[in-house]
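# Structure assessment
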Amino acid sequence: MTRARQSSEGAHRVGVDFGTSNCLVAFAGPQGPRPIALEGDDATLPSVVQVPRMPPPAASLVDTPLDAYEAMQRQSLADALALGARARFGRAALAAAQDDPDGFFFRSPKSFLAADIDPVHRARFQRIVSLMLAHLRECASEAAGRPITQACFGRPVNFGNGTGRDPQLANSRALSLLEAAARDAGWQEILFEFEPVAAALDFERSLQRRQVALIVDIGGGTTDCTVALLGPAAAGEASARSQPVDRADDILASVGDRVGGNDADTALAFAGLMPALGLGLHERSGLPVPPQPYSEAVDVFSVPAQTAFQRAGAAIAATCRRCDETVARQVRRLETLRETGQTLWLVTRAEAAKLALSESAATQTVVALERIEAGLSTRVGAERLGRALEPLRLALERLITEVLAQAGARPEVVYLTGGSARATVLQDAVRRLLPGVPMVMGDAYGSVVAGLAMRAERAFGPGPAARIRPAR
Ligand SMILES: Nc1ncnc2c1ncn2[C@@H]1O[C@H](COP(=O)(O)OP(=O)(O)OP(=O)(O)O)[C@@H](O)[C@H]1O
Ligand SMILES: [Mg+2]
């Protein structure tokens with residue numbers, strides 16, 4: 001866990017790692033970057049927002065308490081905020097969502113930045129992202145003892161599908177939403193930097209000699225790779241290479257794709273948990289229970305998939321009628337999932353199973369599904385996790401092969417960062433691709449934000465290095 005060092009008094013600007021799973025903020029000082037505490041002593045803030053519904057103003061009610069309840073249920077996020085609802089973030093939001101399941105709850109808003117969605121959803125996401133970014137600015141300002149308005153934000157190389165038809169279109173959609181949300185949140189001077197380049201700048205501080213490094217950042221939503229020439233300046237060079245202004249010449253190649261730990265969670269929820277809700281069983285005719293609503297249910301970061309699942313009630317009821325009672329009883333659990341809207345919770349249970357399996361030598365773990373049915377639980381085996389991580393492993397291998405080909409250089413060292421880089425199957429995959437190349441395990445969470453803080457200081461801070469061009 002990345003612990004924050006307090007006291008950032010006098011600081012002016014920050015790096016902001018707005019991650020799919022976790023956010024971090026850091027200042028760059030003379031002694032190097034310092035993450036700030038975002039929640040208690042923790043430097044990481046889970047990327048989760050909760051907003052409670054608000055009782056309507058008494059004057060707007062016709063008469064009964066029932067009117068009040070219905071008015072609250074009809075409330076939009078904007079209505080609740082206009083009525084003074086206070087958003088909660090991170091672990092506090094997770095706890096609030098547990099106590100108050102009727103409130104608004106959002107996880108990983110970054111996942112939706114690149115989506116091609118209608119203006120109504122887009123405005124809603126902008127509001128949610130801006131709530132988070134305003135909270136991060138508040139934390140930074142409090143730590144500094146002055147309003148902080150200058151930041152270097154991290155960005156993945158590709159917000160959307162990097163192999164899709166037009167990744168740059170998705171990137172510009174995502175960046176314009178992120179920038180608009182940041183401005184709404186009071187950030188005035190904004191710069192973007194590739195997340196793996198930021199991690200490279202952090203790793204560079206530890207190098208004693210110049211070398212070609214492969215930086216691999218495997219996060220919750222995206223995986224990014226950069227090949228860069230890093231290290232202290234060669235003797236005789238005017239400026240120390242560890243503090244140059246523009247590193248464009250040293251960044252040999254960067255690639256990335258929208259694939260990360262979240263994909264493993266979704267796959268594990270489908271193959272490991274959904275069998276307890278009837279997936280894989282058969283109708284009386286011998287045909288399998290249709291898998292589509294199951295795959296839509298676990299696809300929690302897709303608005304169309306979630307909408308389709310919400311509308312699947314009639315189809316699920318029809319499936320139940322085509323099944324024997326023992327099978328129908330299990331399929332009705334899928335209907336409970338739909339009615340209670342607990343898809344995100346189910347995928348979070350799958351993530352917990354992933355962590356339990358990947359952080360121990362256990363061959364299986366038991367997952368409680370009490371929100372679906374009292375006393376319901378299911379076992380998930382380690383081999384299922386291996387299969388759930390398979391697409392991420394294949395994408396990682398493809399990205400590394402691609403970035404090395406683009407850079408035209410063989411790395412002398414590999415630096416791994418990001419929470420998903422803790423998965424040993426992924427570390428092994430990198431080792432197999434680059435036998436004999438030393439592999440350094442970085443700070444899983446703090447590396448990107450440290451580099452972003454240094455970048456912010458160089459861009460906005462005093463001295464000749466100021467005002468370099470944004471990276472986008
Ligand atoms: N021991 C572990 N094994 C496998 N995955 C892990 C482990 N620990 C954390 N993770 C995963 O790491 C991911 C979070 O990593 P991180 O905080 O680096 O992502 P992020 O920076 O928020 O996302 P991104 O950079 O993609 O926007 C989650 O998917 C989490 O489940
Ligand atoms: Mg990240």
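Nothing here was measured: the structure is a model prediction, and the numbers come from that model.

Partitioning the protein chain into domains gives domain 1 (13–194 + 449–460), domain 2 (196–260 + 389–444) and domain 3 (262–380). Here domain 1 packs against domain 3, burying approximately 830 Å² in sum over the two surfaces, 56% of which is carbon and sulfur. Where domain 1 packs against domain 3, one counts 1 salt bridge. One salt bridge in this structure joins E351 and R107, with 3.5 Å as the shortest N-O distance. The interface formed by domain 1 and domain 3 contains 4 residue pairs in polar contact (both at pLDDT 80 or more). Sorting the residues of the side of domain 1 that touches domain 3 by element identifies strand 7 (104–107) and helix 4 (119–144) as the ones contributing at least two each. Across the side of domain 1 that touches domain 3, the residue classes break down as 4 nonpolar, 6 polar and 1 charged.

Using the criterion set out here, one finds 5 aromatic pairs in the structure. Three or more aromatic residues joined by ring pairs make a cluster, and in this case those are F112, F125 and F301. Taking NZ or CZ as reference, R53 lies 4.3 Å from the ring centre of F104, over its face.

Strand order in this open sheet of 3 strands is 6-5-7, and the pairing throughout is antiparallel. Either end of the sheet is taken by a strand with one partner, and the two such strands are strand 6 (88–89) and strand 7. As defined by bridge partners, strand 5 (residues 48–51) adjoins strand 6 across 2 bridges and the pair is classed as antiparallel. In the sheet register, V49 faces strand 6, and the bridge partner there is F89. Of the strands in this sheet, strand 5, strand 6 and strand 7 touch helix 4, which is tilted by about 105° from strand 5.

Below, the discussion takes up the site of ligand 1. In the vicinity of ligand 1, 23 residues are found, and the nearest of them are T20, S21, K110, E351 and K354. For ligand 1, an oxygen atom lies 2.5 Å from a polar atom in the side chain of T20. At 2.6 Å from an oxygen atom of ligand 1 is found a main-chain nitrogen or oxygen belonging to S21. Contact with the protein chains hides 96% of the accessible area of ligand 1, taken as 660 Å² for the molecule alone. Looking at the shell around ligand 1, the elements that each hand over two or more residues are helix 7 (261–273) and helix 12 (343–358). It is helix 12 that provides the largest number of residues to the shell around ligand 1, a total of 4 residues. In terms of residue class, the shell around ligand 1 is built from 3 nonpolar, 14 polar and 6 charged.

Among the 8 residues that make up strand 11 (residues 223–230), 7 are buried, leaving the element largely enclosed by the rest of the structure. Here strand 10 (residues 211–218) folds back onto strand 11 in antiparallel fashion, the turn holding 4 residues. Note that strand 11 and strand 12 (residues 251–257) share 6 bridges and pair antiparallel. Pairing of T226 across the sheet is with S254, part of strand 12.

Next up on the list: the pairing of strand 13 (residues 364–368). Where burial is concerned, the two faces of strand 13 differ: the one with T365 and V367 is buried and the one with Q364, V366 and A368 is not. By the bridge criterion, 5 bridges tie strand 13 to strand 14 (residues 377–381) in an arrangement that is antiparallel. Note that in strand 14 the partner of V367 across the bridge is T378.

Let's shift gears to helix 13 (residues 382–407). With 26 residues, helix 13 extends 36 Å between its outermost C-alpha atoms, agreeing within 8% with the 38 Å of an ideal straight helix rising 1.5 Å per residue. The largest bend in helix 13 is about 40°, located at E390, with the proline P391 one to four residues further on. Remark: G408 follows helix 13 within two positions and exhibits a positive phi of approximately 65°.

Backbone geometry at S108 places phi at a positive 50°, although glycine is not the residue there. Residue placement: S108 occurs in the loop between strand 7 and helix 4.

Among the residues of helix 14 (residues 424–433), L426, Q427, A429 and V430 are the ones counted as buried. All buried residues of helix 14 fall inside an arc of 155° around its axis, so they share one side. Residues of helix 14 that are buried make contact with strand 10, helix 13, strand 15 (413–417) and strand 16 (439–441).

Turning to the packing of helix 10 (residues 313–321) against helix 11 (residues 325–340), a few remarks are in order. Packed helix pairs are specified by the crossing angle of their axes together with the interaxial distance, meaning the distance between the axes. Direction vectors running N to C along helix 10 and helix 11 enclose 170°, while the axes themselves pass 9 Å from each other. When the axes of helix 10 and helix 11 are compared, the pair comes out roughly antiparallel. The segment helix 10 lies against helix 11, with G313, I316, T319 and C320 engaging A328, V331, R332, L334, E335 and R338. Within the contact of helix 10 with helix 11, the residues separate by chemical class into 5 nonpolar, 2 polar and 3 charged.

Here we come to the packing of helix 7 against helix 12. Close contact between helix 7 and helix 12 brings their axes to 8 Å; oriented N to C, the two are set at 100°. The pairing of helix 7 with helix 12 is recorded here as roughly perpendicular in orientation. Of helix 12, the residues touching helix 7 (which contributes G261, A264, D265, T266, L268, A269 and L273) are L346, V347, R349, A350, E351, A353 and K354. Of the residues belonging to the contact of helix 7 with helix 12, the class tally is 8 nonpolar, 2 polar and 4 charged.

Here the focus is the sheet that holds strand 15. Here 5 strands make up an open sheet; going across it, the order is 12-11-10-15-16 and the pairing mixed. In this open sheet, the two strands that pair with only one neighbour each are strand 12 and strand 16. The sheet shows a mean angle of 20° between the axes of neighbouring strands, direction not considered.

Reading the values: the criteria
- Residues numbered from 1 in each chain as written.
- Chains lettered and ligands numbered in written order.
- Predicted model: local features only at pLDDT ≥ 70, side-chain atom pairs only at ≥ 80, totals over all residues.
- Heavy atoms only, no water.
- Domains from an automatic or database assignment.
- Buried area = accessible area lost by both parts, 1.4 Å probe.
- Salt bridge = Lys/Arg side-chain N within 4 Å of Asp/Glu carboxyl O.
- Polar contact = N/O pair within 3.5 Å; in protein donor to acceptor, adjacent residues only side chain to side chain.
- Helix = DSSP H or I, 4+ residues; strand = E, 2+ residues; numbered from the N terminus.
- Nonpolar A, V, L, I, M, F, W, Y, C, P; charged D, E, K, R; others polar.
- Phe/Tyr/Trp six-rings, centres within 6.5 Å; stacked < 30°, edge-to-face > 60°.
- Lys NZ or Arg CZ within 6 Å of the ring centre and 35° of its normal.
- Pairing = 2+ DSSP bridges.
- Contact = heavy atoms within 4.5 Å.
- Axes fitted to C-alpha atoms, helices over the stretch in contact; angles between N-to-C directions.
- Near = heavy atom within 4 Å.
- Areas by Shrake-Rupley, 256 points an atom, 1.4 Å probe, with all protein chains shown as cover.
- Buried < 20%, exposed > 50% of the residue type's maximum accessible area, 1.4 Å probe, protein only.
- Expected span 1.5 Å × (residues − 1).
- Bend = angle between axes of the 7 residues up to and from the residue.
- Arc of directions from axis to C-beta.
- Parallel < 35°, antiparallel > 145°, perpendicular 65-115°, else oblique.

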